[in-house]
Amino acid sequence: MLTKRDVNADEERLRNRAQRLPAIERKAFYETVRRDVKDPDTYAVLNWFFVCGLHHFYLQKWLRGSINLTVFVLSIVLLATGWHGLGVVMLLGILVLELGALFRSQLIVQDYNNGIYRRNLARLGVEV
């Protein structure tokens, strides 16, 4: 499980490694990173307003997003076809599972962004 302390320590370590890059490489690194990092508020909004899994697509978690979207659509179809009990249970299940992601959105996106830093440093040959 992600902890704030571990994610913050990882971010600090990665930023220190980036700061040690030569000026030209550092500039290229930050330009690439700036383009790829994600915003925690966007993630939270997608989670809050669209429980159907769009926030997973935002972080390029295609499988989890597809599963959430499929379950969401299936639950809506069940509600529309008279299977109200099962449809409500499925919607509540998604809501309960994704509530944790909503309250931890800052940490989840910070960890994702650390991965962006890590991959870009590795491309430059920096040991991470």
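Residues numbered from 1 in each chain as written. Predicted model: local features only at pLDDT ≥ 70, side-chain atom pairs only at ≥ 80, totals over all residues. Heavy atoms only, no water.

- The name that an unreviewed UniProt entry assigns to the chain is TM2 domain-containing protein, with the source organism given as Aliidiomarina sedimenti.

1. Quick notes on the pattern of salt bridges
- Under the defined criterion, the tally for this structure stands at six salt bridges.
- Where Arg35 meets Asp36, a salt bridge forms, and the shortest distance between an N and an O atom there is 3.7 Å.
- Using a relative accessible area of 62% as the deciding quantity, one classes Arg35 as exposed.
- Residues Arg64 and Glu98 are paired through a salt bridge, measuring 3.4 Å at the closest nitrogen-oxygen approach. Of this pair, Arg64 sits in helix 5 (residues 62–80) while Glu98 sits in helix 6 (residues 84–103), and the two are 34 residues apart along the sequence.
- In this structure Arg64 comes out as partly exposed when scored by relative accessible area, which is 41%. (Salt bridge = Lys/Arg side-chain N within 4 Å of Asp/Glu carboxyl O. Buried < 20%, exposed > 50% of the residue type's maximum accessible area, 1.4 Å probe, protein only. Helix = DSSP H or I, 4+ residues; strand = E, 2+ residues; numbered from the N terminus.)

2. Notes on the side chain of Asn114
- Within the fold, Asn114 resides in helix 7 (residues 105–123).
- From its side chain, Asn114 meets the backbone oxygen of Val7 in a polar contact 3.1 Å long.
- Not counting chain neighbours up to four residues away, the residues in contact with Asn114 comprise Val7, Asp10, Glu11 and Leu14. (Polar contact = N/O pair within 3.5 Å; in protein donor to acceptor, adjacent residues only side chain to side chain. Contact = heavy atoms within 4.5 Å.)

3. Brief notes about unusual backbone geometry
- With phi around 60°, Gln60 is a residue other than glycine that occupies positive phi space.
- For Gln60, the position within the fold is in the loop between helix 4 (54–58) and helix 5.

4. Topic: the UniProt feature "transmembrane region" (unreviewed entry) in the chain
- As annotated by UniProt and renumbered to match this structure, "transmembrane region" (unreviewed entry) occupies residues 42–59 and 71–97.
- As a span, residues 71–97 carries 89% helix and 0% strand, and end to end its C-alpha atoms are 12 Å apart. (UniProt positions renumbered as here; feature names shortened; annotations may be inferred.)

5. Some remarks on the environment of Asp6
- Structurally, the position occupied by Asp6 is in helix 1 (residues 4–19).
- On the accessibility criterion, Asp6 (43% relative accessible area) is partly exposed.
- The spacing of Asp6 and Asp111 is 105 residues in sequence and 9.4 Å in space, taken between C-alpha atoms.

6. Description of the packing of helix 1 against helix 2 (residues 23–36)
- Taken N-terminus to C-terminus, the directions of helix 1 and helix 2 make an angle of 140°; their axes are 9 Å apart at the nearest point. Compared by their axis directions, helix 1 and helix 2 come out oblique. Contacts between helix 1 and helix 2 involve Arg15, Ala18 and Gln19 from the former and Arg26, Phe29 and Tyr30 from the latter.
- By residue class, the composition of the contact of helix 1 with helix 2 is three nonpolar, one polar and two charged. (Axes fitted to C-alpha atoms, helices over the stretch in contact; angles between N-to-C directions. Parallel < 35°, antiparallel > 145°, perpendicular 65-115°, else oblique. Nonpolar A, V, L, I, M, F, W, Y, C, P; charged D, E, K, R; others polar.)

7. Side note on the packing of aromatic side chains
- Counting across every chain of the model gives four aromatic pairs.
- Each ring, one from Phe29 and one from Tyr30, has its centre 5.1 Å from the other, and the planes form 75°; the classification is edge-to-face.
- Classification of Tyr30 by relative accessible area gives buried; the value is 19%.
- Plain terms: the ring middles of Phe57 and Trp62 are 5.8 Å apart, the flat faces sit at 40° to each other, and that makes the pair tilted.
- Its relative accessible area of 22% is what places Phe57 among the partly exposed residues.
- The exposure class assigned to Trp62 is exposed, which follows from its relative accessible area of 52%.
- Taken together through their ring pairs, the aromatic side chains of Phe29, Tyr30 and Tyr117 make up a single cluster.
- Positioned above the aromatic ring of Tyr58, the side-chain terminus of Lys38 is 5.1 Å from the ring centre. (Phe/Tyr/Trp six-rings, centres within 6.5 Å; stacked < 30°, edge-to-face > 60°. Lys NZ or Arg CZ within 6 Å of the ring centre and 35° of its normal.)

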